[in-house]
Amino acid sequence: MQPVLPVHMVARLLLILLLAAGVYFFSGFVVPVLAALIIGFASWPLYSKWVQVCGGRTTLAATVALLFIMLVLVAPLSIALTYSVQEASHILAWLLTANRVGVQAPAWIVALPYVGERLGSYWAEFLAQPHALGGLVELISGQHIGNIYRVVLSTTGNVFHIMLTLLFMLITLLFVYKDGHRMVGQLDVLGERVLPLRWQRFSRVIPATISATVTGMGLIAIGEGVILGVAYWVAGVPSPVLLGVITAFMAMIPGGAPLSFTLISLYLVGSGNPIAGAGLFAWGSIELFIVDKTLRPRLVGGPVKLPFLPTFFGLVGGVKTMGIVGLFIGPVLMALMVALWREWVLDVKAAQNERSSPSDG
């Protein structure tokens, strides 16, 4: 009696079902695993040198590297985010009070040349009346201002989930460091089987793209957020930690960092602190010049310079689907898509040139 389906077809169906079950059960670990892989790819050149220093003992090297990342990256970012959420909750509490009783236009806004009178009239129409601010927020965001306040408070109370995700990421990163060479070897075998003609080039482009994106967008953005956040604090800007975190996020978008410190400098000038505003603008301009002309070309040097639109989509889509970690995962995935697209276009052009060269001869 002949079987209904061939044996190899049954084996493939079972394999597909097994993979689908694995994706379903481990879907909750996608974010920490992706974050660990991205950090591992980005830091792998430095980690390889560290393994040589440790005499090839990967367990020791992975443990020390993980402790270093916890002390240098995880702990400062956690503290900064905690302070920024607290400052955001204070600002939203003030906004709730302003919405309940109304708030008059500050004198420095009315005193602005050319636009002060018009801005003052807009302020009186939309913000000075009780509950006018809530109506404006609901018109723009579709959410009541009280709901936004409760979301911010719930973010501070969701510490357990964030810590659990962080723990899974660190555990995964430990094994990425420890067994990375074996993982790469197995991926090469699978890649040669799936993409025999393109895998060697893709296997070089993908790590370089991840490293360039994380360094050029993530680390430099964090550095700009820290430096400008300290400048905000020195200049006497309210909520400097929150504004520093916002500046770091904006620095991941082309043109975001200069927009941030320019607006804050204008606020200082308008509020009666022209020296502080001019100093902050000068400090930000010098810092931006040094980063763009010296540090970024040296640190990045990667094959992909991500345009504005994919960067923006990567940031927004990453945050929407993966939360705060998506700020880094989203742009990296978009950079990989852009890199693979460009490699595919180059392959198509090369094939067209090969076909046209004999006819030309």
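Structure: see above.
Here the structure is a predicted model, which is why all the values come from computation and not from measurement.

Caption draft 1: Seen up close, the overall build of the chain. Each helix and strand in the chain was counted, giving 14 helices and 0 strands. Each helix and strand of the chain, ordered N terminal to C terminal, gives the series α-α-α-α-α-α-α-α-α-α-α-α-α-α. Out of the 361 residues belonging to the chain, those deemed buried represent 33%. Across the chain, every contact between residues at least 6 apart in sequence was considered, and the portion connecting residues at least 24 apart equals 68%. On the chain, roughly 22,700 Å² of surface is accessible, and the fraction owed to carbon and sulfur atoms is 73%.

Caption draft 2: Expanded view of the side chain of Thr 247. Topologically, Thr 247 is positioned in helix 10 (residues 240-251). In this structure Thr 247 comes out as buried when scored by relative accessible area, which is 1%. Residues within four places of Thr 247 in sequence aside, it is in contact with Leu 228, Tyr 232 and Ser 260.

Caption draft 3: View of a nonpolar patch on the surface. On the surface, Tyr 24, Phe 25, Phe 26, Phe 29, Val 33 and Leu 37 cluster together into a nonpolar patch covering about 640 Å² of accessible area. For the nonpolar patch, the secondary-structure elements that each account for two or more residues are helix 1 (7-25) and helix 2 (30-53). By the secondary structure assignment, Phe 26 is in the loop between helix 1 and helix 2.

Caption draft 4: Structural detail: the packing of aromatic side chains. Applying the stated rule across the entire model yields 3 aromatic pairs. When the centroid spacing of 4.4 Å and the interplanar angle of 20° are considered together, the rings of Tyr 47 and Tyr 177 count as stacked. With Tyr 47 in helix 2 and Tyr 177 in helix 8 (residues 159-194), this pair connects stretches of sequence that are 130 residues apart. Residues Tyr 47 and Tyr 177 agree in their burial class; the two are buried.

Caption draft 5: Geometry of the pattern of salt bridges. Considering all chains together, one arrives at 2 salt bridges under this definition. Here Lys 178 makes a salt bridge to Asp 179, at a shortest N to O gap of 3.4 Å. Residue Arg 182 is joined to Asp 179 by a salt bridge in which the shortest nitrogen-to-oxygen separation is 2.3 Å. Taken as a pair, Arg 182 and Asp 179 lie in helix 8 at a separation of 3 residues, close to a single helical turn. When salt bridges that share partners are traced, they join Lys 178, Asp 179 and Arg 182 into one network.

Caption draft 6: Just the nonpolar core, in detail. In terms of nonpolar packing, the biggest core is built from 26 residues, with Tyr 47, Met 169, Leu 173 and Tyr 177 touching the most fellow members. Within the residue set of this core, elements represented by two or more residues are helix 2, helix 3 (58-101), helix 8, helix 9 (199-235) and helix 14 (326-360). Sorting elements by how many residues they give to this core places helix 2 first, with 9 residues. Leaving out residues up to four positions away in the same chain, Tyr 47 has contacts with Thr 58, Ala 61, Ala 62, Ala 65, Tyr 177 and Lys 178. Formed by 9 residues, the second largest nonpolar core is a distinct cluster that contains Leu 228, Tyr 232, Leu 268 and Leu 280.

Caption draft 7: Summary view of unusual backbone geometry. Positioned with a positive phi, Ser 239 is a non-glycine residue whose angle comes to about 55°. Tracing the chain through its elements places Ser 239 in the loop between helix 9 and helix 10.

Caption draft 8: Main features of helix 5 (residues 116-126). Every buried residue of helix 5 is accounted for by Gly 116, Gly 120 and Trp 123. One face of helix 5 carries all of its buried residues, which in axial projection span an arc of 60°. Facing away from the buried surface of helix 5 by more than 90 degrees, the exposed residues are Glu 117, Arg 118 and Glu 125.

What counts and what doesn't
Residues numbered from 1 in each chain as written. Predicted model: local features only at pLDDT ≥ 70, side-chain atom pairs only at ≥ 80, totals over all residues. Heavy atoms only, no water. Helix = DSSP H or I, 4+ residues; strand = E, 2+ residues; numbered from the N terminus. Buried < 20%, exposed > 50% of the residue type's maximum accessible area, 1.4 Å probe, protein only. Contact = heavy atoms within 4.5 Å. Areas by Shrake-Rupley, 256 points an atom, 1.4 Å probe, with all protein chains shown as cover. Patch = residues over 30% accessible without salt bridge, like charges linked within 9 Å, V, L, I, M, F, W, Y side chains within 5 Å. Salt bridge = Lys/Arg side-chain N within 4 Å of Asp/Glu carboxyl O. Phe/Tyr/Trp six-rings, centres within 6.5 Å; stacked < 30°, edge-to-face > 60°. Core = buried A, V, L, I, M, F, W, Y, C linked by side-chain atoms within 4.5 Å. Arc of directions from axis to C-beta.

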